[in-house]
Amino acid sequence: MSGPRFAFLIAAASSICALPAFAAAQSSYVYCDNGLRCFKAPCPSNSALDLATGKIIKGVSIDASGLPQADKAITDQSDVLYSGKIVVRGSIEQRTQTITGKDYSLPWLVATRIVRTARDSERKHCSSP
């Protein structure tokens, strides 16, 4: 097998193997206000339940700017994002945010689409009924 052809096959195989790793970074989450209130920022007043692991990520903010237009219309019309009424697909990433002159690395849920309505059992970490 010639050098360039072999290199191409290795590159193709590598990219195919990398796809599942990228997909694994996305999960389904129920994001909501958890009722906590603070006197000093940053405040963990929002949380997200990772449905794949059952882990609750506290103090997470949501970035809904990447949602498709139809999904944005749903979130703009009501409080579904903050009340835990929907399941969103996305990933958690750390972002640096400056609050009162100090840098904090905080979790952000980067939402890519709305999956479905959340079940009552999935909303237990939320403060609202």
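In short, a report on the structure. Just so it is clear, the structure is predicted and the values come from calculations on it, not from any experiment. (Residues numbered from 1 in each chain as written. Predicted model: local features only at pLDDT ≥ 70, side-chain atom pairs only at ≥ 80, totals over all residues. Heavy atoms only, no water.)

On to the overall build of the protein chain, then. Within the protein chain one finds two helices and six strands. When the elements of the protein chain are put in sequence order from the N terminus, they spell out α-β-β-β-β-α-β-β. When each of the 129 residues of the protein chain is scored for burial, the buried share is 35%. Contacts in the protein chain between residues at least 24 apart in sequence constitute 55% of all its contacts with a sequence separation of at least 6. Put simply, the protein chain shows about 8,100 Å² of open surface, and 59% of that area lies on carbon and sulfur atoms. (Helix = DSSP H or I, 4+ residues; strand = E, 2+ residues; numbered from the N terminus. Buried < 20%, exposed > 50% of the residue type's maximum accessible area, 1.4 Å probe, protein only. Contact = heavy atoms within 4.5 Å. Areas by Shrake-Rupley, 256 points an atom, 1.4 Å probe, with all protein chains shown as cover.)

Moving on: the state of the cysteines. On inspection of all chains with the given rule, the structure shows two disulfides. Each sulfur of the disulfide joining Cys-32 and Cys-126 lies 2.1 Å from the other. Here the S-S torsion is close to -100 degrees, and the disulfide linking Cys-32 with Cys-126 is therefore left-handed. With Cys-32 in strand β1 (residues 27-33) and Cys-126 in the segment after β6 (102-117), the pair connects residues that are 94 residues apart, well separated along the chain. Exposure remark for Cys-32: the relative accessible area of 0% places this residue in the buried category. (Disulfide = S-S within 2.5 Å.)

Take the side chain of Ser-28 next. Within the element layout of this structure, Ser-28 appears in strand β1. A polar side-chain atom of Ser-28 sits 3.3 Å from a polar atom in the side chain of Arg-89. (Polar contact = N/O pair within 3.5 Å; in protein donor to acceptor, adjacent residues only side chain to side chain.)

We now examine the sheet that holds strand β5 (residues 86-99). Spatially, β3-β2-β1-β5-β6-β4 is the arrangement adopted by the six strands of the open sheet, whose pairing is mixed. Sheet topology places β3 (56-58) and β4 (61-63) at the edges, where each strand pairs with a single neighbour. Averaged over all pairs of adjacent strands, the angle between strand axes in this sheet comes to 35 degrees, irrespective of strand direction. The pairing of β1 with strand β2 (residues 46-50) spans five bridges and is classified as antiparallel. Residue pairing across strands places Val-30 opposite Leu-49, the latter belonging to β2. (Pairing = 2+ DSSP bridges. Axes fitted to C-alpha atoms, helices over the stretch in contact; angles between N-to-C directions.)

One pass over the full model with this rule turns up seven salt bridges. A salt bridge links Glu-122 to Arg-116; the nearest nitrogen and oxygen atoms lie 2.7 Å apart. Given a relative accessible area of 28%, Arg-116 falls into the partly exposed group. Across the pair Arg-123 and Asp-120 runs a salt bridge, and its minimum N-O distance is 4.0 Å. The class of Arg-123 is buried, set by a relative accessible area of 11%. Here the salt bridges do not stand alone but share partners, grouping Asp-63, Glu-93 and Arg-95 into one network. (Salt bridge = Lys/Arg side-chain N within 4 Å of Asp/Glu carboxyl O.)

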